Amino acid sequence: MPFEVTILGNNSAIPAHGRHPTSQVVQIHEQQFLVDCGEGTQMQLAKYKIRKNKLDHIFISHLHGDHYFGLIGLITSYHLMRREKPLHMHGPKGLLDIINLQLAASNTTLFFELIFHEVKSELVNVLFETDEFIISSFPVKHRIPTHGFLFKEKIGLRKINPDKIAELNFPFQVIAELKKGNDSEWEGKILKSNEWTLPPVAPRSYAFCADTIYHNELIKYISGCDVIYHEATFMEESAERAVLTFHSTAKQAATIGKAIGVKKLLLGHFSAKYDNLQPLLAEAKEIFSETELAIEGQTFSIES
Ligand SMILES: [Zn+2]
Ligand SMILES: [Zn+2]
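Reference entry: report on the structure contained in this document. Treat the numbers as computed from the prediction; the structure is a model and nothing was measured.

Rules used throughout
- Sequence order as written defines the numbering, with residues in each chain counted from 1.
- Each chain is given a letter, starting from A, and each ligand a number, starting from 1, according to the order in which they appear as written.
- Local features in a predicted model are, by the rule used here, given only for residues with pLDDT of at least 70; side-chain atom pairs are given and counted only at 80 or more, and totals for whole chains, interfaces and linings are based on all residues.
- Only hydrogens and water are set aside; all other atoms, that is, all heavy atoms of the structure, feed into the side-chain values.
- All axes here are fitted lines through C-alpha atoms, helices being fitted over the stretch that makes contact, and every angle between N-to-C directions spans 0 to 180 degrees.
- Secondary structure elements are taken from DSSP: a helix is a run of H or I of four residues or more, a strand is a run of E of two residues or more, and numbering for both begins at the N terminus.
- The labels follow the angle: roughly parallel below 35 degrees, roughly antiparallel above 145, roughly perpendicular from 65 to 115, and oblique for the rest.
- Handedness of a crossing is defined here by the sense of rotation of the near helix relative to the far one, left-handed for an anticlockwise turn of less than a right angle and right-handed for a clockwise turn.
- Any two residues whose heavy atoms approach within 4.5 Å at even a single point are treated as in contact.
- Donor criterion used throughout: N, O or S atom within 2.8 Å of the metal, extended to 3.2 Å for Na, K and Ca. Water excluded; incomplete-looking sites may result.
- Metal sites are grouped by the angles between bound donors: all angles between 85 and 135 degrees with four donors is tetrahedral, opposite donors over 155 degrees apart with the others between 65 and 115 is square planar for four donors and octahedral for six, and any other pattern is irregular.
- Relative accessible area decides the class of each residue, using a 1.4 Å probe on protein chains only: under 20% of the type maximum gives buried, over 50% gives exposed, and in between gives partly exposed.

Another aspect to go through is the packing of helix H2 (residues 71–80) against helix H3 (residues 95–105). In the contact formed by H2 and H3, the axes pass within 11 Å of each other and the chain directions differ by 55°. Classified by the angle between their axes, H2 and H3 sit oblique to one another. Crossing angle aside, the handedness with which H2 passes H3 is right-handed. For the pair H2 and H3, contact is made by Leu71, Ile72 and Ile75 and by Leu95, Ile99, Gln102 and Leu103, respectively.

This brings us to the coordination of the zinc ion (ligand 2). Here the zinc ion (ligand 2) is held by the protein donor atoms His62 (NE2), His64 (ND1), His142 (NE2) and Asp211 (OD), which lie 2.1 to 2.3 Å from it. Geometry at the zinc ion (ligand 2) is irregular, judged from the four donor atoms that bind it and their angles of 90 to 168° at the metal. Of note, the zinc ion (ligand 2) draws all its donor residues from one chain, in the sequence arrangement H-x1-H-x77-H-x68-D. Owing to a relative accessible area of 0%, His62 belongs among the buried residues under this scheme. When its relative accessible area of 8% is taken as the criterion, His142 is described as buried.

Laid out in structure tokens, this is it:
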């Protein structure tokens, strides 16, 4: 089953050096989710051939413009395209008022239902859940209320032991029980789940850590995570500025990635002062080698 993230925007504050403000698409199994929607996001969706009509949920981390100024454009395009499916928008208090004000000013009544789910940034909230995965938010520490998002697979069914497949001539219901880990009975014979099946594949997880100052606390919300995206607005030489603006340095992002023991750390939200991003990568890699730049247009697979 696919589980991957495609980067649409990786810059902070202002677009610069061909880079766009924050946005990314997370594909988990059959569904795609938009995370943040900076200015130009709908153009980036088109550029990287992501069908915007597949998106039914948009998650917004906080109300700094570089994370949601693309929203009214995208919503208006859905309207003009006569979208009929409801659109779910998950974000901080106030976001719906902003969108409604813009729609009212243009006397627009949307053709589709816009369903707003307020995210309480200071809490852990379950935002969306299926039988296969769960999406939640967790608090981070920034100048205004801000939260990250955690995408996590649930533990799946056990797999049929390939060595036993030739002997496996039971009804479907019996096999289903074995895959759930339950021993079963067939024609007077007890079938042990752990003889016929192997443990399920390990569930995978991805965390988007939004904009945040270096914040040890967030480790507890995303411990055990396989891949994380952590902002690296500045290099360590601007550590003071990072503190003043409630952002992180590349070194700090790497420190978090290392503490969690992630398989991969993605750096993003780069300051416009950096044209060349390689020094940020090098700084992070000194602390944690499994680090990559979240380059726009690239898709990163989430592996456990
Ligand atoms: Zn930002
Ligand atoms: Zn911010």
